Amino acid sequence: MAQYSCVSGSVGLITLKNPPVNALSAAVRHGIVDTVKRALSEPKVKSVVICGQNGIFCGGADIREFASDMSGPPLVPMIHAIEAANKPVVAAIEGSALGGGLELALGCHYRIAHSKAKLGLPEVTLGLLPAAGGTQRLPRLIGVPAALNLITTGRHVTAAEALQLGVVDQVTDQNTVDAAVKFALSVAGQSLDARRISTYPCPRPSDLDALFDGVMQKVRQSARGAIAPVACVQAVRAAATLPYTQGMEREKELMATLFTSGQARALQYCFFAQRAVGRWSMPSGARWDTSKPRPVHKAAVIGLGTMGRGIAVALAQTGLSVVAVETQEKQLMEAKQAVSGMLERGAKRRGVAPALDGISYSGNIQAVADADLVIEAVFEDMTLKEKIFQQLSAVCKPGTFLCTNTSALDVDHLASQTRNPELVVGMHFFAPAHVMKLLEVVYGTRSSPQAVATAMQLGKKMGKVSVAVGNCRGFVGNRMLKPYLEQAFFLLEEGATPELVDRALEEFGFAMGVFRVSDLSGLDVGWKVRKGDGLAEPEMATGQSARIRQGRRYSPLGDLLCEQGRYGQKTGQGWYQYDKPGGRVARSDPWLHSFLEEYRARHGLVARRIDQQEVLERCLYVLINEGFHILEDGIAAGPEDIDVIYVFGYGWPRHRGGPMFYASMVGLAKVLERLEHYHQAHPDVPYMQPCNLLRRLVASGSPPIQRWREVIKKLHSQL
Ligand SMILES: CC/C=C\CC(=O)SCCNC(=O)CCNC(=O)[C@H](O)C(C)(C)COP(=O)(O)OP(=O)(O)OC[C@H]1O[C@@H](n2cnc3c(N)ncnc32)[C@H](O)[C@@H]1OP(=O)(O)O
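With an unreviewed UniProt entry as reference, the protein chain is termed Peroxisomal bifunctional enzyme, source organism Dicentrarchus labrax. Taken directly from UniProt, the Subunit (unreviewed entry) text for the protein chain runs: "Monomer." Taken from UniProt, the Pathway (unreviewed entry) comment for the protein chain reads in full: "Lipid metabolism; fatty acid beta-oxidation."

What follows concerns the site of the ligand. Residues in close proximity to the ligand total 24 residues, the closest being Gly 59, Ala 61, Gly 100, Arg 275 and Arg 279. Within the backbone of Gly 100, one N or O atom sits 2.7 Å away from an oxygen atom of the ligand. Between the ligand and Arg 275, the relevant distance is 2.7 Å, taken from an oxygen atom to a side-chain nitrogen or oxygen of the residue. Isolated, the ligand exposes 1000 Å² of accessible area, and the fraction of that covered by the protein chains is 73%. For the shell around the ligand, the elements supplying multiple residues, two or more each, are strand S5 (96-98), helix H3 (100-107) and helix H11 (262-276). Classifying every residue of the shell around the ligand gives 13 nonpolar, 5 polar and 6 charged.

Let us look at the environment of Gly 463. Within the secondary structure, Gly 463 is located in the loop between helix H16 (449-461) and strand S17 (465-470). As a C-alpha pair, Gly 463 and His 30 span 433 residues in sequence and 37 Å in three-dimensional space.

Where burial is concerned, most of strand S15 (residues 424-429) is hidden: 6 out of the 6 residues are buried. Burial along S15 is two-sided: the face carrying Val 424, Gly 426 and His 428 and the face carrying Val 425, Met 427 and Phe 429 are both buried. Examined bridge by bridge, strand S14 (residues 401-404) and S15 share 3 bridges and lie parallel to one another. Across the sheet, residue Thr 404 finds its bridge partner in S15, namely Gly 426.

Reading across from one edge, S12-S11-S10-S13-S14-S15-S16-S17 is the order of the 8 strands in this open sheet, with mixed pairing throughout. Looking along the sheet, the strands with just one partner apiece sit at the ends: strand S12 (359-362) and S17. If you compare each strand with its neighbour and ignore which way they point, the axes differ by 25° on average. Bridging between strand S16 (residues 438-443) and S17 involves 6 bridges; their strand directions are parallel. Looking at the pairing, Val 442 lines up with Val 469 of S17. In the packing of helix H12 (residues 306-317) onto the sheet, the strands contacted are strand S10 (298-302), strand S11 (321-325), S12, strand S13 (373-376) and S15, and the crossing angle to S10 comes to about 170°. Contacts from helix H14 (residues 382-395) reach S10, S13, S14 and S15 within the one sheet, and its direction differs from that of S14 by about 170°.

Rules of the game
- Residues numbered from 1 in each chain as written.
- Predicted model: local features only at pLDDT ≥ 70, side-chain atom pairs only at ≥ 80, totals over all residues.
- Heavy atoms only, no water.
- UniProt positions renumbered as here; feature names shortened; annotations may be inferred.
- Near = heavy atom within 4 Å.
- Polar contact = N/O pair within 3.5 Å; in protein donor to acceptor, adjacent residues only side chain to side chain.
- Areas by Shrake-Rupley, 256 points an atom, 1.4 Å probe, with all protein chains shown as cover.
- Helix = DSSP H or I, 4+ residues; strand = E, 2+ residues; numbered from the N terminus.
- Nonpolar A, V, L, I, M, F, W, Y, C, P; charged D, E, K, R; others polar.
- Buried < 20%, exposed > 50% of the residue type's maximum accessible area, 1.4 Å probe, protein only.
- Pairing = 2+ DSSP bridges.
- Axes fitted to C-alpha atoms, helices over the stretch in contact; angles between N-to-C directions.
- Contact = heavy atoms within 4.5 Å.

Written as structure tokens, this is what we have:
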């Protein structure tokens, strides 16, 4: 709703009230229409201020309404009525003015922002465009290039940048509503002819075609199949080339195609999923709202390899006091230099002072004695980690949380090495740890709710999207990755090439296909794991055991490349070739193709034609099937947790919503049917056998993803 009052004798004050972000729900739009009418009709009111309650102007249209029949007054005529008013209307912007909220402000004649406010048109991130006149008013106000930048990226700008761009007229450090009222008094009675943005001519850069072609090319390249950024460019082009009314028509037309698209549904699902994972729960019943985190003032990192360095940087950037420990002297010196460089570059980018003094370095594990929380980030070797956890348990002050940055190893086993297993959790960061947004917080069977709550809160402080997951081999992300990688190898055996598999996945929307990623991260990483699992021994690569291991189909292709010293980018050769070790540009490698042919001939395999559809179905459906197992096992609390992990940690295209959402869009019955089909064709691949939960969901009529938790709960209660 919107509340109306008259202040300072002649200013009509309209306050948007819809906690927590004053989204423009039908009730709020009704409220605005009614209160604006009232303010304009009251003779004593000479000017109007619009603000939001609780320090936030407006978070935009109410995204939850998009899934229902939109009722209530539409935004476009409402904003037009404000712009057409014959009394000055001032927007008092505190907190955020985003999406429809900023469009409302652009309909006002003046905008005054608090210095801490953030403004933006983030509709593109929801698969939409700013269709309440945003694509037509913003370029008229700040010019085409700047408007294109804001609208196609959806980035939020600070009040200072908004002032510099001309989005706002004034920035204040004081009470924004008071400043706006004062301003409204000062402009009462003045002509508004020059204040209605829709009447401005749109500045036309001389190189208009080149500008739009360039932006369109850039957007298409980075959008990886997302349609909203393209529509945003088209809408701004309409502003630059058509009169306002026709531009508005074009904006409406483009929005209509986006609004009902699967991509918009996927992106809006992601928006809510990202927030839902913060409301974590554990099978024990412990929950986010009943588990109190303990404050962390001092944190420590053990092991300063690539991961440890990134974690130390991310911790220091939060303002914590950090102890970084590395027992090998040479590595310690190198790490110190590297961490300082990373902090300096990060600080320069963000325009702040580097937190160099926040970190102290030591070669002795005793240095972590008074830390509140320690993150072990040494090499992925259980014996080494066991030793460190035993030492930490002896060295640390009582109550210190002990966290492991393992990507797959058993958190319960590590906890069992300590005196207080309830203080142990996994904190699985993704490389580079100071950049990647995802953090899997892994609770073991004995982890206390407080330990989980503390790790989750620390993750949030570090700017991570943290997801609480249960303990199993590979947790959620890497556990699902295993069958996906395995399918990619099998496809090569059956006739595909790395190029074909990667192209299918990249056209689906992944930034990089599976083989290019493997070359980037190093083939030796998986090789080491397979060796540890007793799967990849050189003598197994020939004869009967070559393609059947531990009773199931196995492909030794990755092991064979490693035996040749082909570890990927770092050695200049992997699934592709590079111009030099460390080279980044992947080129097709004739050697690899001959190697695959020889391999097939050696094993009596006849190459067949494999199309992109088969690549997608096999790689993605086995990954999804494993996701259902993870839900069935209670390792993830809901499909949103899995989807957030894949979108933020594994390059799953956000406009596809995550693997579980994607399955719901494809149709669960179809996923089940294809898995059954492939399992029949490949009975020696257990990952293809459809999960019981998937069958259950199909049998219960494939409910929408928001209702899967009910089916899972029922399933668990019957076990
Ligand atoms: C004709 C079409 C015209 C216009 C189209 C639009 O306007 S589309 C909407 C554009 N607006 C946005 O994309 C802004 C989305 N919101 C945010 O970015 C942040 O919420 C915000 C406003 C910066 C506040 O961040 P904060 O971290 O303080 O809170 P949080 O994100 O956790 O949100 C709190 C709860 O509010 C819910 N919420 C936020 N924005 C909206 C919204 N626009 N509509 C509906 N609900 C919204 C959010 O989901 C949180 O609730 P929860 O129950 O936890 O999910």
